[in-house]
Amino acid sequence: MSHEPIALSAALASFDALWSPRIVTRVNDYDVRIARVSGEHIWHVHEDTDEFFLVLDGELHISLREPAGERTVRLAQGSVFTVPRGTQHKPYAPAGAAILMFEPTGTPTVGDRHDEIPNHIDATTGHLLDS
């Protein structure tokens, strides 16, 4: 991990892979990850942790399956949203987006329970930015 300032625009420009987050820094036991996203992710759930999203560019939609039913939140550039632990959700970006996520180190991108993982989804706990 670098102990120097990191320009998120430069970090995002350093890779093209979609749905394949890069770890830009760590805060205590949490990863700060950035990702380029387009199209659909998969339905999944993180049983023991919330998942924080900040939209850096574009628009991100997150479908949620909650006790009251299914709903979708739409996050414009600059918007934040936290998916509560135990909530099944599916992010998607119809026109593409750049996002920042904050979650405990080692949290898999596909959660603890998930649908079948298609080839365009990187099932990872994040890649170091330099790799």
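Just above sits the structure.
Residues numbered from 1 in each chain as written. Predicted model: local features only at pLDDT ≥ 70, side-chain atom pairs only at ≥ 80, totals over all residues. Heavy atoms only, no water.

## Brief notes about the nonpolar core
- Grouped together as the largest cluster of nonpolar side chains are 19 residues, with contacts concentrated most on Val-37, Phe-53, Leu-60, Ile-62, Leu-75, Phe-81 and Ile-99.
- Counting residues per element, the ones that place at least two in this core are β2 (30-40), β4 (51-58), β5 (60-66), β6 (69-75), β7 (80-83) and β8 (88-104).
- The dominant element in this core, judged by the number of residues it contributes, is β8, at four residues.
- Among residues more than four places away in sequence, those in contact with Phe-53 are Leu-60, Ile-62, Leu-75, Ser-79, Val-80, Phe-81, Val-83, Pro-91, Ile-99, Leu-100 and Met-101.
- Counting eight residues, the second largest nonpolar core, distinct from the first, contains Phe-15, Ile-34, Ala-98 and Leu-100. (Core = buried A, V, L, I, M, F, W, Y, C linked by side-chain atoms within 4.5 Å. Buried < 20%, exposed > 50% of the residue type's maximum accessible area, 1.4 Å probe, protein only. Helix = DSSP H or I, 4+ residues; strand = E, 2+ residues; numbered from the N terminus. Contact = heavy atoms within 4.5 Å.)

## A few points about the pairing of β4
- In the sheet, β4 pairs with β7 via four bridges, with the strands oriented antiparallel. For Glu-51, the partnering residue across the bridge sits in β7 and is Val-83. (Pairing = 2+ DSSP bridges.)

## Observations regarding the packing of aromatic side chains
- As enumerated under the stated definition, the model contains one aromatic pair in all.
- Look at Tyr-30 and Phe-102: their rings are 5.0 Å apart centre to centre, the planes differ by 5 degrees, and that puts the pair in the stacked class. In this pair, Tyr-30 is assigned in strand β2 and Phe-102 in strand β8, connecting sequence segments 72 residues apart.
- You can call Tyr-30 partly exposed: its relative accessible area is 34%.
- Above the face of the Trp-43 ring, Arg-65 is positioned so that its terminal group lies 3.7 Å from the ring centre.
- Looking at Lys-90, its charged tip hangs above the ring of Tyr-92, at a distance of 5.8 Å from the centre. (Phe/Tyr/Trp six-rings, centres within 6.5 Å; stacked < 30°, edge-to-face > 60°. Lys NZ or Arg CZ within 6 Å of the ring centre and 35° of its normal.)

## Let's talk about the environment of Ser-20
- Counting through the fold element by element, Ser-20 comes out in the loop between α1 (8-13) and β1 (22-27).
- Engagement of the side chain of Ser-20 in a polar contact is seen with the side chain of Asp-122, the distance being 2.6 Å. (Polar contact = N/O pair within 3.5 Å; in protein donor to acceptor, adjacent residues only side chain to side chain.)

## A word on the environment of Phe-15
- Inspection of the secondary structure assignment puts Phe-15 in the loop between α1 and β1.
- Take Phe-15: its relative accessible area is 6%, and that puts it in the buried class.
- Discounting chain neighbours no more than four positions away, the residues touching Phe-15 are Ser-20, Arg-22, Ile-34, Ala-35 and Arg-36.

## What about the environment of Ile-121?
- Tracing the chain through its elements places Ile-121 in the loop between β9 (113-114) and β10 (127-128).
- With relative accessibility at 7%, the residue Ile-121 sits in the buried group.
- Those residues in contact with Ile-121, other than ones at most four positions away along the chain, are Trp-19, Glu-40, His-41, Ile-42 and Val-110.

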